[in-house]
Amino acid sequence: MQIQTAIETERPVIADARPAMDDRQIVDIVLASDAHGAFVWGVLDRMLDEPGLSFGNITASGFGAMEAAVLAYGMALGGRRGARTALANFWRRVSHASMFAADTASLLRSILEQSIDIAEIRKKTCPVKLSILVSNARTDAVKIFTGDQLSIEAVLAAATIPFLFPAVEIDGDTYWGDGDLSALPPAQPVEAAHRLAVTGKPALFMTPCADRRLPASHRAIKCTPIHTIFDSLHRAGASLFTRPWTDWGELTDMRDRGRQRAADWLLTDHLCLDERSSADCKNRYF
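The rules behind each value
Residues numbered from 1 in each chain as written. Predicted model: local features only at pLDDT ≥ 70, side-chain atom pairs only at ≥ 80, totals over all residues. Heavy atoms only, no water. Helix = DSSP H or I, 4+ residues; strand = E, 2+ residues; numbered from the N terminus. Contact = heavy atoms within 4.5 Å. Buried < 20%, exposed > 50% of the residue type's maximum accessible area, 1.4 Å probe, protein only. Pairing = 2+ DSSP bridges. Axes fitted to C-alpha atoms, helices over the stretch in contact; angles between N-to-C directions. Parallel < 35°, antiparallel > 145°, perpendicular 65-115°, else oblique. Left-handed = near helix turned anticlockwise from the far one by under 90°. Nonpolar A, V, L, I, M, F, W, Y, C, P; charged D, E, K, R; others polar. Right-handed = clockwise from strand over helix to strand, strands pointing away.

Draft legend 1. Representation of the environment of A159. Tracing the sequence through the fold places A159 in helix α5 (residues 152–159). The sequence separation of A159 and G177 amounts to 18 residues, and the corresponding C-alpha distance is 5.5 Å. Those residues in contact with A159 that lie beyond four places of it in its chain are G62, F63, M66 and L108.

Draft legend 2. Looking closely at α5. Within α5, seven of the eight residues are buried, leaving the element largely enclosed by the surrounding structure. Among the residues of α5, I152, A154, V155, L156, A157, A158 and A159 are the ones counted as buried.

Draft legend 3. Spotlight on the pairing of strand β7 (residues 194–199). Among the six residues that make up β7, six are buried, leaving the element largely enclosed by the rest of the structure. Burial along β7 is two-sided: the face carrying H194, L196 and V198 and the face carrying R195, A197 and T199 are both buried. Bridging between β7 and strand β8 (residues 226–230) involves five bridges; their strand directions are parallel. Within β8, the residue paired with T199 across the bridge is F230.

Draft legend 4. The packing of helix α1 (residues 37–47) against helix α7 (residues 248–268), seen in detail. In contact at an axis separation of 6 Å, α1 and α7 are set at 45 degrees when each is read in the N-to-C sense. By the angle class used here, α1 and α7 are oblique. The two elements α1 and α7 cross, and the hand of that crossing is right-handed. Along its contact with α1, which presents A38, F39, W41, G42, V43, D45, R46 and M47, the element α7 presents W248, L251, M254, R255, R257, G258, R259, R261, A262, A263, W265 and L266. Considered class by class, the residues forming the contact of α1 with α7 number 12 nonpolar, two polar and six charged.

Draft legend 5. Quick look at the pairing of strand β1 (residues 25–31). The buried count for β1 comes to seven of seven residues, which makes it a mostly enclosed element. Of the two faces of β1, both are covered, the one formed by Q25, V27, I29 and L31 as well as the one formed by I26, D28 and V30. Strand direction decides the pairing type here: β1 and strand β2 (residues 53–60), joined by six bridges, are parallel. Opposite I26, over in β2, you have S54 as the bridge partner. You can see the chain leave β1, run along α1 and come back into β2, and the turn it takes is right-handed. Pairing between β1 and β7: five bridges, direction parallel. When the bridges of β7 are listed, L31 appears paired with V198.

Draft legend 6. Summary view of the environment of K123. Residue position: K123 is located in the loop between α4 (118–122) and β3 (129–136). Judged by its relative accessible area of 42%, K123 is partly exposed. K123 sits 25 residues away from D148 along the chain, and the two C-alpha atoms are 8.2 Å apart.

Purely geometric stuff here, so don't read any function into it on its own.
Encoded structure:
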């Protein structure tokens, strides 16, 4: 019997072609409180288009906490398509409700309760692990809500602008947003191939490797590379509910900018090789 051996063939290289992603590639996401919500929507929406990209942990502060909760709920019920639909419906509610509601706190609660079931996000079977970063209104201490601690109140607290709106009471204490991302624990040796921070303005975000004693050749394998995406046309997210109407066209313009920044990152940073250290892999996209 004649055994046929595999024959290697050269494939044509297409200029500017999109490299294929590793099917097992996992990204942990950090959503900063200064990122405009619609820009964050675009980044998440574009990443949901990638079949080879999986979300690991999402840590969120500010208005991004609401979007992270909506994404996690959509993923739990309907996978990627469910998450994209949930985010789009959430933002339509934001645009519509902001024309009529005078009480912003009640508005946010109503939108959130229509958009998610917190019990689904708490389940261990939820495909996205969610962490909500808030600040204690009395002591300024940062607290992270996750797992069974997650609640509508925790998400609302993260989205509450300090001093502009009343803090949210949780278990006898009061919290609001603007949690300090520097309080996040160091990047541990985890399954995630990358950690992506989405911010609203140029800022250096770098979580140090948990073990710098490792040789450089092994450090990249043990550490999660850090990347940053921010909007070069940043406008403070605080204005989102301080004006009488949030225009749908303006929101989708910001969403599209977020999609483009995410597309830029997917074309380049996700190819960062393990031979380099996590510091070398850090890039920022305007």
